[in-house]
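Observations on the three-dimensional arrangement
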Amino acid sequence: ILAFIGSIWFGTKYTLIDNQYLKIQCGLISFDTVDVLKIIEIKKTNTLLSAPANSLDRIEITYNNHGGSVVISPIDEMELVKMLLEINPKIKTQIV
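As a starting point, this report considers the structure included with it. Just so you know, these numbers come straight off a predicted model, no measurement behind them.

Observations regarding the overall build of the chain
For the chain, the count of helices and strands is two helices and seven strands. Listed by position from the N terminus, the elements making up the chain come as α-β-β-β-β-β-β-α-β. Expressed as a percentage of the 96 residues in the chain, the buried residues total 38%. For the chain, the share of sequence-separated contacts (at least 6 apart) that also reach a separation of at least 24 residues comes to 34%. Total accessible area on the chain is roughly 6,200 Å²; 56% of this is exposed by carbon and sulfur atoms.

Here it is in structure tokens:
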């Protein structure tokens, strides 16, 4: 059980693939892959909902018009948001 919890805590990562997809991985589980060109908005959130996020300092990424979203907590959220904006400058955000 401790190994599983450790893999989730230390194995949570967000990877940019082919300069188009944000892959979200939580331990051994591949949680979601988001097409950066479909991201609509990125905003800060303090939601307590379960998410692939190791901190309560979180951002919510809304990625389609049907309410699709994911909550993450990157170590350097400003850097991640800047990288996503370089790919898709249409993203609405007040983080940067």
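Considering unusual backbone geometry
Phi angles above zero are rare outside glycine, and D18 is one such case at about 55°. Here D18 shows up in the loop between strand 1 (13-17) and strand 2 (21-26). Given a relative accessible area of 67%, D18 falls into the exposed group. The phi dihedral of N19 falls on the positive side, at around 55°, and the residue is not glycine.

Criteria and cut-off values
Residues numbered from 1 in each chain as written. Predicted model: local features only at pLDDT ≥ 70, side-chain atom pairs only at ≥ 80, totals over all residues. Heavy atoms only, no water. Helix = DSSP H or I, 4+ residues; strand = E, 2+ residues; numbered from the N terminus. Buried < 20%, exposed > 50% of the residue type's maximum accessible area, 1.4 Å probe, protein only. Contact = heavy atoms within 4.5 Å. Areas by Shrake-Rupley, 256 points an atom, 1.4 Å probe, with all protein chains shown as cover.

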